[in-house]
Amino acid sequence: MTTLAGRPADAVRHPGGPAIPVPPAEATGGLTALPLLARRAAIILSPWIAIAGLWAAAAGSGLFDPVLLPAPPVVLAQAVQQIGDGRLPAAVAASTGRVLAGLVLGVALAVPAGILLGRSRGVRLVAGPLLGFFRALPPIALIPLVIVYFGIGEAAKVVVLTFAAFFAAVIVVSEGVAQIPPLYENAARTLGATRFEVFRRVVLPLALPHILTGIRVALGTTWATLVAAELVAAQVGLGATIQVAAAFFDLPVIYLGIIGIGATALAMDAGLRRLNARLLSWQDRRPA
Amino acid sequence: MTASPAPRGLSFSGVGVSYDSPRGPVPALADVTLAIDPGEFVAVVGPSGCGKSTLLKLAAGLMAPSSGTVTVGSEPVTGPGADRGVIFQDYAIFPWLTVEENIGFGLTLAANRIGAREREALVAHYVDRMGLTEFRRALPKTLSGGMRQRVALARAYVVRPGILLMDEPFGALDSQTRLAMHDLLLGVLRQEGTAGLLITHSVEEALYLASRVVVLSARPGRIKAVIDVPFGHERDHALLASPELARLKGTITALVMDEYRRQTALDRRPAAA
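Everything quoted here is computed from the prediction, not taken from an experiment.

**A closer look at the overall build of chain B**
In step 1: Looking only at helices and strands, chain B features seven helices and 10 strands.
In step 2: A compact globule built from 273 residues should have a C-alpha radius of gyration of about 19 Å, and chain B, at 19 Å, falls within 12% of that.
In step 3: Taken over the C-alpha atoms alone, chain B extends approximately 60 × 45 × 35 Å along its principal axes.
In step 4: Burial status across chain B gives 42% buried among its 273 residues.
In step 5: Within chain B, contacts between residues at least 6 apart in sequence are counted, and of these 72% link residues at least 24 apart.

**Focus: the overall build of chain A**
In step 1: When you go through chain A residue by residue, the secondary structure sums to 12 helices and zero strands.
In step 2: Mapped in sequence order, the helices and strands of chain A form the string α-α-α-α-α-α-α-α-α-α-α-α.
In step 3: Considering chain A as a whole, with its 288 residues, one finds that 31% of them fall into the buried category.
In step 4: Taking the intrachain contacts of chain A between residues at least 6 apart in sequence as the baseline, contacts between residues at least 24 apart amount to 69%.

**What to know about the interface of chain A and chain B**
In step 1: Between chain A and chain B, the residue contacts involve 14 residues of the former and 22 residues of the latter.
In step 2: Looking at the side of chain A that touches chain B, the elements with two or more residues in it are helix H9 (183–190) and helix H10 (195–229) of chain A.
In step 3: Looking at the side of chain A that touches chain B element by element, the count peaks at six residues for H9(A).
In step 4: Per-class residue counts for the side of chain A that touches chain B are seven nonpolar, four polar and three charged.

**Re the pairing of strand E10 (residues 223–228) of chain B**
Residues and elements named next belong to chain B.
In step 1: For strand E9 (residues 212–216) and E10, the ladder comprises five bridges, and the chain directions are antiparallel. Bridging from a neighbouring strand, Val-213 pairs with Ile-227 of E10.
In step 2: In sequence, E9 turns back onto E10 through a hairpin of six residues.

**Focus on the confidence of the model for chain B**
Parts of the model with low pLDDT should not have their predicted coordinates read in detail.
Residue and element names in this part refer to chain B.
In step 1: Confidence in the prediction of chain B, expressed as mean pLDDT, is 89, and 96% of residues score 70 or more.
In step 2: Between the elements of chain B, mean pLDDT differs from a low of 85, seen in helix H7 (residues 243–272), to a high of 96, seen in helix H2 (residues 99–104).
In step 3: Under the prediction, the complex receives an ipTM of 0.88, its pTM being 0.82.

**Some thoughts on the sheet that holds strand E4 (residues 67–72) of chain B**
All names here are of chain B.
In step 1: If you trace the four strands from one edge of the open sheet to the other, you get E2-E1-E4-E5, paired in antiparallel fashion. Strands with a single pairing partner mark the edges of an open sheet, and in this sheet they are strand E2 (26–36) and strand E5 (75–76).
In step 2: As paired elements, E4 and E5 share two bridges and run antiparallel to each other. When the bridges of E5 are listed, Thr-71 appears paired with Pro-76.

**Here we look at the environment of B:Thr264**
Residues and elements named next belong to chain B.
In step 1: Take Thr-264: it is sitting in helix H7.
In step 2: Residue classification places Thr-264 among the partly exposed residues on the basis of 13 C-beta atoms within 10 Å.
In step 3: Between the alpha carbons of Thr-264 and Arg-219 there is a distance of 9.9 Å; along the sequence they are 45 residues apart.

**What to know about the packing of helix H5 (residues 87–119) of chain A against H10(A)**
Residues and elements named next belong to chain A.
In step 1: Look at H5 against H10: their axes get within 9 Å of each other, and the N-to-C directions meet at 140°. As the angle between them shows, H5 and H10 are arranged oblique. Here H5 runs over H10; the crossing is right-handed. Contacts from Ser-95, Arg-98, Val-99, Gly-102, Leu-103, Gly-106, Val-107, Ala-110, Val-111, Gly-114 and Ile-115 in H5 reach Ala-207, Ile-211, Gly-214, Ile-215, Ala-218, Leu-219, Thr-222, Trp-223, Leu-226 and Ala-229 in H10.
In step 2: Classifying every residue of the contact of H5 with H10 by side-chain character gives 14 nonpolar, six polar and one charged.

**Focus on the sheet that holds strand E8 (residues 195–199) of chain B**
All names here are of chain B.
In step 1: Read across the sheet, six strands follow the order E6-E7-E8-E3-E9-E10 without closing on themselves; strand pairing throughout is mixed. Across the chains shown, the open sheet's two edge strands, defined by having one partner strand only, are strand E6 (84–87) and E10. Looking at each pair of strands side by side, their axes are set apart by 15° on average, direction ignored.
In step 2: Inspection of the sheet shows strand E7 (residues 163–167) paired to E8 by five bridges, in the parallel sense. Bridge pairing in E8 links Asp-167 to Ile-199.

**Structural notes on the pairing of E9(B)**
Residue and element names in this part refer to chain B.
In step 1: Counting buried positions over the five residues of E9 gives four, a clear majority of the element.
In step 2: As paired elements, strand E3 (residues 41–45) and E9 share four bridges and run parallel to each other. Opposite Val-45, over in E9, you have Val-215 as the bridge partner.

**Section: the packing of H5(A) against helix H11 (residues 238–247) of chain A**
Residues and elements named next belong to chain A.
In step 1: One way to put it is that H5 packs onto H11 with a least axis distance of 7 Å and a crossing angle of 125°. It follows that H5 is oblique to H11 by the angle criterion. Packed against H5, whose contacting residues are Ala-91, Val-92 and Ser-95, the element H11 presents Leu-238, Gly-239 and Thr-241 at the interface.
In step 2: By residue class, the composition of the contact of H5 with H11 is three nonpolar, three polar and no charged.

**Some points on helix H7 (residues 139–150) of chain A**
Three or four residues apart is the spacing at which side chains of an α-helix point the same way, because the helix has 3.6 residues per turn.
In step 1: Between its terminal C-alpha atoms H7(A) stretches only 14 Å, short of the 16 Å expected from 12 residues at 1.5 Å a residue.
In step 2: After H7(A) finishes, the residue A:Gly151 shows a positive phi value of roughly 75°.

**A closer look at the nonpolar core**
In step 1: With 83 residues, the main nonpolar core has B:Ala59, B:Leu197, B:Ala210 and B:Val213 as its most contacted residues.
In step 2: At seven residues, helix H4 (residues 145–157) of chain B tops the list of elements feeding residues into this core.
In step 3: Those residues in contact with B:Ala210 that sit more than four places away from it in its chain are B:Phe41, B:Val42, B:Ala43, B:Leu198 and B:Val229.
In step 4: Judged by nonpolar contacts, the second largest core, of 48 residues, contains A:Val158, A:Ala165, A:Phe166 and A:Ala218.

**What about H5(A)?**
In step 1: Between the first and last C-alpha of H5(A) there are 47 Å, a value that for 33 residues agrees with the 48 Å anticipated at 1.5 Å per step.
In step 2: If you look at H5(A), its biggest bend is around 25°, right at A:Ala110, and the proline A:Pro112 turns up within four residues after that.

What counts, and where the lines are drawn
Sequence order as written defines residue numbering, which begins from 1 separately in each chain. The order in which chains are written sets their letters, starting at A; the order in which ligands are written sets their numbers, starting at 1. With the structure being a predicted model, the display of local features is reserved for residues of pLDDT at least 70 and the display and counting of side-chain atom pairs for 80 or more, all residues being used for whole-chain, interface and lining totals. The helix count covers DSSP runs of H or I at least four residues long, the strand count covers runs of E at least two residues long, and both are numbered beginning at the N terminus. Radius of gyration here is computed from C-alpha atoms only, and the compact-globule reference equals 2.2 Å multiplied by the residue count raised to the power 0.38. Here a residue counts as buried when 20 or more other C-beta atoms fall within 10 Å of its C-beta, as exposed when 12 or fewer do, and as partly exposed in between; the C-beta atoms come from the backbone. Distance between backbone-placed C-beta atoms decides contact: two residues are in contact if it is within 7 Å. Asp, Glu, Lys and Arg are counted as charged, while Ala, Val, Leu, Ile, Met, Phe, Trp, Tyr, Cys and Pro are counted as nonpolar; the rest, among them Gly, fall into the polar class. Being paired, for any two strands, means DSSP has found at least two bridges between them. Known as pLDDT, the predictor's per-residue confidence is scaled from 0 to 100. A fitted line through C-alpha atoms serves as each axis, taken over the contacting stretch for helices, and the angle formed by two N-to-C directions is quoted from 0 to 180°. Angle categories are assigned with fixed cut-offs, so that under 35 degrees is roughly parallel, over 145 is roughly antiparallel, 65 to 115 is roughly perpendicular, and the rest are oblique. A crossing counts as left-handed when the near helix is turned anticlockwise from the far one by less than a right angle, and as right-handed when that turn is clockwise. In this analysis, the expected span of each helix is defined as 1.5 Å times one less than the number of residues it contains. The term nonpolar core refers to a group of buried residues, namely Ala, Val, Leu, Ile, Met, Phe, Trp, Tyr and Cys, whose C-beta atoms join them within 7 Å. Take the seven residues that end at a residue and the seven that start at it, fit an axis to each, and the angle between those axes is the bend at that residue.

What follows is the structure in structure tokens.
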């Protein structure tokens, strides 16, 4: 959701959310509506068109072996074919399901852990180094152990993704919560709030922006870990698609899988940003 | 909690505060003894860094004294409570709540909970009293400094504290808004017989609002002087032009400036050593 088009950006972040993206069009008359929309679309699409153009130019230059660098139309044809036979939708569905499961579990653990870490020096002292230790481990290094303990079913993949989501989100949440200024808590206490009321009515609302940022960061990490997670004997999934294609040196499919992961992650992030704008309309910040 | 609270005074007796530092305890306040009677308005002036705000935090219960006691009525202060309202320097109104929700916040806490209808009526009353009717559903980010200030005053006041503690609440306001806020504050406090403790940089503001002005010394803050303000309860802006106010302002400013110079000398010393 970009607002580079030079219109008042607050239109996009209004609490009302979805219904309002382009009210200036009505204000300035129907005729200008289309150019404005078109301009916005052009601005959003321009980097993608540029990348595709560069890619097409590189593939068409004859400098690279077409087996090593398939041209965009070849990948597109592959996409059309795989959408037609249902393989791509199935892969997207399987991977999205795993990512969501890992994200939900990881974040559900990371939010209370992050709040505890952010609020309590004692907890930070005890658990901080542990976190640093496990956080540095690449999820892929855990796969042999995960297979031993969780087998090769869906559970194993979700464990790897949960691990990734948890450690990404817990840092963001704990750092964010630790930075909440005591000002508002003090204000609530002087109005007679108990510790629990301070927590529920002041700390939680102030933690929410950090929780949402944590979810967004975890979403990225979880998608990035997907290929590793699907190393655990997955038949279906975008990561599995890439691995199988790699075994057959089928580069168009590898490209398709990569684009599929990026596009799905982008769509989920866009949804999260909308949620952010809705829940955090009270924040006095630069419009996104 | 809708009935007016029993009027209770606030007193400091032999209060001292020192902060821990790597070089040992640093005294911030020393031997402060001061009683604010129920319904009385006391202002505290003094050079920056003399411990004025510390005094207020002690009264609010956000901090404990290193020596001496702070009492409200006859009970020692052990923590914050709704009997002592606080208006913070930067207002601290909750940015995620609307004007109405901010003002009603205290009334939704277990300590002061009242029925929903009663709460709405009380909130509406203060929204109106503060001239915020048009903005009652607005979020703080859209409000001006003066409006935020009024939200903060209403939020503190709606739980009917016996005393209102104010830490330089008018510092960020333009001069007209400040004068208007002074009158609003005096009106609201008089109505309920609420006492006030105001920390301020402005000697004129102190004289306009208070019945006594306390001058704190350079660090560690001690009471250097207590000046009775001979103006009655009814005050208007004509007072600001009176020779009596000018004379008192001159006297108090001289006292504060003395301490300011001592404070500045103190602040320089560690750097020279």
